[in-house]
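Residues per chain, in single letters:
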Amino acid sequence: MPELHDMTASELARVLISGETTSVEITRSLLARIDKLEESIHAYVTVDPDSALEMAAEADRMIAAGKAGPLTGIPIAVKDNMCIKGRKTSCGSRILGNFKPPYDATVVRRLKDAGMVILGSANMDEFAMGSSTETSYWGPTRNPWNTEMIPGGSSGGSAAAVAAKEAVVSLGSDTGGSIRLPAAFCGVTGIKPTYGAVSRFGLVAYASSLDQIGPIARDVKDIALLLNLLCGHDPMDSTSVPREYPDFTSFLEKPVKGMTLGLPTEFFSKLDNEDVSRAVADARKTFEDLGIKFVDLSLPHLDYGIAAYYIIAPSEASSNLARYDGVKYGHRAEEYSGIIDMYCNTRAEGFGPEVKRRIMLGTYALSSGYYDAYYVKAAKVRTLITNDFKKAFESCDAIFCPTAPSPAFRIGEKIDDPMQMYLTDVFTIPVNMAGLPGMAIPAGFSRDGLPIGLQLIAPHFKEEVLVQLSAAFQRETDHHLKTPAL
Ligand code: GLN
């Protein structure tokens, strides 16, 4: 048997049910791995070994009682913006640095009910604003493939933890690419489900019309298991869509011959990185060998995606973040004279520079006299982008493109140049604007040995198509089986 921390969730489930190992043993193996690697990776904000071992013991009791589900006893990392009752949930920010939520997010409740073992909270860009996990108040996470590089963001801790085998699987959130980008940069698999598929109750809000929670794992099999657990209606989230979801694992073996993938010409004309171009061309060949047809198509409003996103996301953020005022919870400044001064000092101390920039951008875009010129216009552009995708899906089952324009970059390289940082999301942001599901899957490596990710995009609520295509791809390739030397 391979070492426990080397195994995927579906492999571990087998040895758990057969009695070859216990959840407590698996959890110990992961905790030892965390102990060994955290100093160099820093994937976690908080690790809670006692509570994890308690959950593992409970999972073992469930297994013994014959009440185990497919993910019972499997250790998972949860991004630091999802409420875990009684445990610090800081959203990578000083302003929530001492916040212990009095309730569980719906996704966390689902993990707990399934008997999963929550190892801790994964590091992230402050309030999920960033593409590199460098804006975390707790310091950056490092890419397990090369610790001088960023892991991508904002769910950098979630992706790095899975890549470094400090967690079997993890949860991330994705507003403009925050699951898919770090998954691509860390060589793991991640999906942003359709807007409305997974409840956001208990997710600290960034941009509410874009935020989605989704899983990160080492292969599509585990992604399918987690989608089964996460997708579903929740009356506590008014944007959660009441509908039935298929058993996603039943699409893992489904043949893909005869399916059609669309190549958006605008995505490819932007691509000037040789390593990414080569990996994507190889992936195309793999799909063609599987009997998949490729068609060119156009997403003409793609160019406006980033501009419109950086009106909509900061506008919503400026409104969502107004609640952090030091009154009921979170950080409060120690020195102030009067209530206005207390608000000002609290927010000045509690938020980092990127969050402040977004609050200013958003407040400006929403202010009277500018609202129509900026916010309303961006909302119209968003509709155009959505319509582009609708039209594109008339001629294909899914869209095929890179996840990011380059492999991971160096820590510090873009942090002082917000425009360059924002451009990293050029291929992921349009997917959130249209509310579509998007999957990032490992597609090879750069000449410097850094992972490169492919992105597949499907119509609304067609996650199963992404599972089907990605599983076929992972049967033919071994990129997802490679792991960093740590
Ligand atoms: N990088 C984008 C931003 O900073 C997307 C982040 C995300 O998806 N949470 O807003």
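Residues numbered from 1 in each chain as written. Predicted model: local features only at pLDDT ≥ 70, side-chain atom pairs only at ≥ 80, totals over all residues. Heavy atoms only, no water.

Q: How do you make sense of the packing of aromatic side chains when you look at a structure like this?
A: Aromatic ring pairs: the centre-centre distance and the angle between the two ring planes describe each pair. If you walk through the whole model with that rule in mind, you get 22 aromatic pairs. Considering the side-chain rings of Phe-127 and Tyr-324, the 5.1 Å spacing of their centres and the 50° angle between planes classify their relative orientation as tilted. Placement of Phe-127 in the loop between β3 (117-122) and α5 (156-163) and of Tyr-324 in the loop between α10 (305-320) and α11 (339-350) is noted, with a sequence separation of 197 residues between them. Each member of the pair, Phe-127 as well as Tyr-324, carries the same accessibility label: buried. Every member of this aromatic cluster is reached through a ring pair, and the members are Phe-99, Phe-127, Tyr-324, Tyr-329 and Phe-351. (Phe/Tyr/Trp six-rings, centres within 6.5 Å; stacked < 30°, edge-to-face > 60°. Helix = DSSP H or I, 4+ residues; strand = E, 2+ residues; numbered from the N terminus. Buried < 20%, exposed > 50% of the residue type's maximum accessible area, 1.4 Å probe, protein only.)

Q: What is the right way to look at the nonpolar core in this model?
A: In a soluble, globular protein the nonpolar side chains are often hidden away together inside. Grouped together as the largest cluster of nonpolar side chains are 162 residues, with contacts concentrated most on Met-116, Phe-127, Phe-287, Phe-400 and Leu-469. In this structure, Phe-287 is in contact with Leu-261, Ile-292, Phe-294, Phe-400, Leu-454, Leu-456, Leu-469 and Phe-473, ignoring residues within four places of it in sequence. (Core = buried A, V, L, I, M, F, W, Y, C linked by side-chain atoms within 4.5 Å. Contact = heavy atoms within 4.5 Å.)

Q: Mind showing me how you'd approach the confidence of the model for the protein chain here?
A: Note: predicted coordinates in regions of low pLDDT should not be interpreted at a detailed level. Here the protein chain averages 97 in pLDDT, and 100% of its residues register 70 or above. Considering each helix and strand of the protein chain separately, the mean pLDDT is smallest for helix α8 (residues 265-269), with a value of 90, and largest for strand β5 (residues 189-192), with 99. (pLDDT = per-residue confidence, 0-100.)

Q: Can you walk me through the site of the ligand in this structure?
A: Taken together, 15 residues lie near the ligand, and Gly-176, Ser-178, Tyr-206, Tyr-309 and Asp-425 sit nearest. Taking Gly-177, its main chain carries an N or O atom lying 3.2 Å from an oxygen atom of the ligand. Separating an oxygen atom of the ligand from a side-chain N or O atom of Tyr-206 is a distance of 2.6 Å. Most atoms of the ligand, that is more than half of them, are within 2 Å of grid points of the largest cavity. Its residues assigned to classes, the shell around the ligand comprises 5 nonpolar, 7 polar and 3 charged. (Near = heavy atom within 4 Å. Polar contact = N/O pair within 3.5 Å; in protein donor to acceptor, adjacent residues only side chain to side chain. 1 Å grid on protein atoms, 1.4 Å probe; cavity = no way out; pocket = protein on both sides within 12 Å on 5 of 7 lines; lining within 4 Å. Sits in = over half its atoms within 2 Å of the grid points. Nonpolar A, V, L, I, M, F, W, Y, C, P; charged D, E, K, R; others polar.)

Q: I'm lost on a nonpolar patch on the surface in this one. Help?
A: A cluster of nonpolar side chains, Val-327, Ile-339, Ile-340 and Tyr-343, forms an exposed patch at the surface whose accessible area comes to about 360 Å². Considering the arrangement of structural elements, one finds Val-327 in the loop between α10 and α11. Look at Val-327 and you get partly exposed, because its relative accessible area is 38%. (Patch = residues over 30% accessible without salt bridge, like charges linked within 9 Å, V, L, I, M, F, W, Y side chains within 5 Å. Areas by Shrake-Rupley, 256 points an atom, 1.4 Å probe, with all protein chains shown as cover. Salt bridge = Lys/Arg side-chain N within 4 Å of Asp/Glu carboxyl O.)

Q: How do you make sense of helix α1 (residues 9-17) when you look at a structure like this?
A: Buried within α1 are the following residues: Ala-9, Ser-10, Leu-12, Ala-13, Val-15 and Leu-16. In this structure, the buried residues of α1 make contact with α2 (23-41), α3 (49-64), β4 (169-174) and α7 (220-230). Looking one or two residues past α1, Gly-19 carries a phi angle of roughly 85°, positive in sign.

Q: Quick question: what am I supposed to make of the packing of α7 against helix α16 (residues 463-476) here?
A: In the contact formed by α7 and α16, the axes pass within 9 Å of each other and the chain directions differ by 160°. By the angle between their axes, α7 is roughly antiparallel relative to α16. Between α7 and α16 lies a crossing of left-handed hand. Here Val-220, Ala-224 and Leu-227 of α7 lie close against α16, whose contacting residues are Glu-463, Val-467, Ser-470, Ala-471 and Gln-474. A per-class count over the contact of α7 with α16 returns 5 nonpolar, 2 polar and 1 charged. (Axes fitted to C-alpha atoms, helices over the stretch in contact; angles between N-to-C directions. Parallel < 35°, antiparallel > 145°, perpendicular 65-115°, else oblique. Left-handed = near helix turned anticlockwise from the far one by under 90°.)

Q: Would you explain the sheet that holds β3 in this entry?
A: The pairing of strands in a sheet comes from backbone hydrogen bonds and takes either a parallel or an antiparallel form. The strand order across the open sheet built from 11 strands is β1-β3-β2-β4-β6-β5-β10-β11-β9-β7-β8, with neighbouring strands paired in mixed fashion. In this open sheet, the two strands that pair with only one neighbour each are β1 (44-47) and β8 (293-297). For this sheet the average axis-to-axis angle between neighbouring strands, irrespective of direction, equals 30°. Two elements, strand β2 (residues 75-79) and β3, share 5 bridges in a ladder whose sense is parallel. From the neighbouring strand, Ala-77 faces β3, where its bridge partner is Gly-120. With respect to the sheet, α5 is in contact with β1, β2, β3, β4 and β6 (212-217), its orientation differing from that of β4 by roughly 155°. (Pairing = 2+ DSSP bridges.)

Q: Please clarify how helix α12 (residues 353-366) should be interpreted in this entry.
A: Each α-helix winds once per 3.6 residues, and so residues spaced three or four apart point in a common direction. The terminal C-alpha atoms of α12, which comprises 14 residues, lie 20 Å apart, in line with the 20 Å expected from a rise of 1.5 Å per residue. Check the buried side of α12 and you find it contacts α10, α11, α13 (372-392) and α14 (418-423). (Expected span 1.5 Å × (residues − 1).)

Q: What's the story with the pattern of salt bridges in this structure? I'm lost.
A: Two side chains with opposite charge may pair up if their charged atoms get near one another. Counted according to the given criterion, the structure contains 19 salt bridges. For Asp-6, the salt bridge goes to Lys-165, with nearest N and O atoms at 2.9 Å. Separated by 159 residues along the polypeptide, Asp-6 in the segment before α1 and Lys-165 in the loop between α5 and β4 bring together distant segments of the chain. The residue Glu-354 makes a salt bridge to Arg-358 at a minimum N-O spacing of 2.7 Å. Remark: Arg-358 and Glu-354 occur in helix α12; sequence separation between them is 4 residues, near one turn of the helix. Its relative accessible area of 11% is what places Glu-354 among the buried residues. Through salt bridges with shared partners, one network takes in Asp-104, Arg-109, Lys-112 and Asp-113.

Q: Looking at this structure, how should I read the UniProt feature "active site" (unreviewed entry) in the protein chain?
A: According to UniProt, the feature "active site" (unreviewed entry) maps to Lys-79, Ser-154 and Ser-178 in the numbering used here. A maximum C-alpha distance of 10.9 Å among these annotated residues, which run over 100 residues, shows that they cluster at one spot. Those annotated residues lining the largest cavity are, specifically, Ser-154 and Ser-178. Within the secondary structure, Ser-154 sits in the loop between β3 and α5. In this view, Ser-154 contacts Lys-79, Asn-123, Met-124, Asp-125, Ala-128, Met-129, Gly-130, Thr-133, Ser-173 and Ser-178; residues no more than four positions away in its chain are not counted. The topology assignment puts Ser-178 in the loop between β4 and α6 (180-186). For Ser-178, a relative accessible area of 6% translates into the label buried. (UniProt positions renumbered as here; feature names shortened; annotations may be inferred.)

Q: Looking at this structure, how should I read the pairing of β6?
A: Side chains on a regular strand alternate between the two faces of the sheet. For β6, the buried fraction is high: 6 of the 6 residues fall into the buried class. With 5 bridges joining them, β4 and β6 adopt antiparallel strand pairing. Bridge pairing links Leu-171 to Pro-215 in β6.

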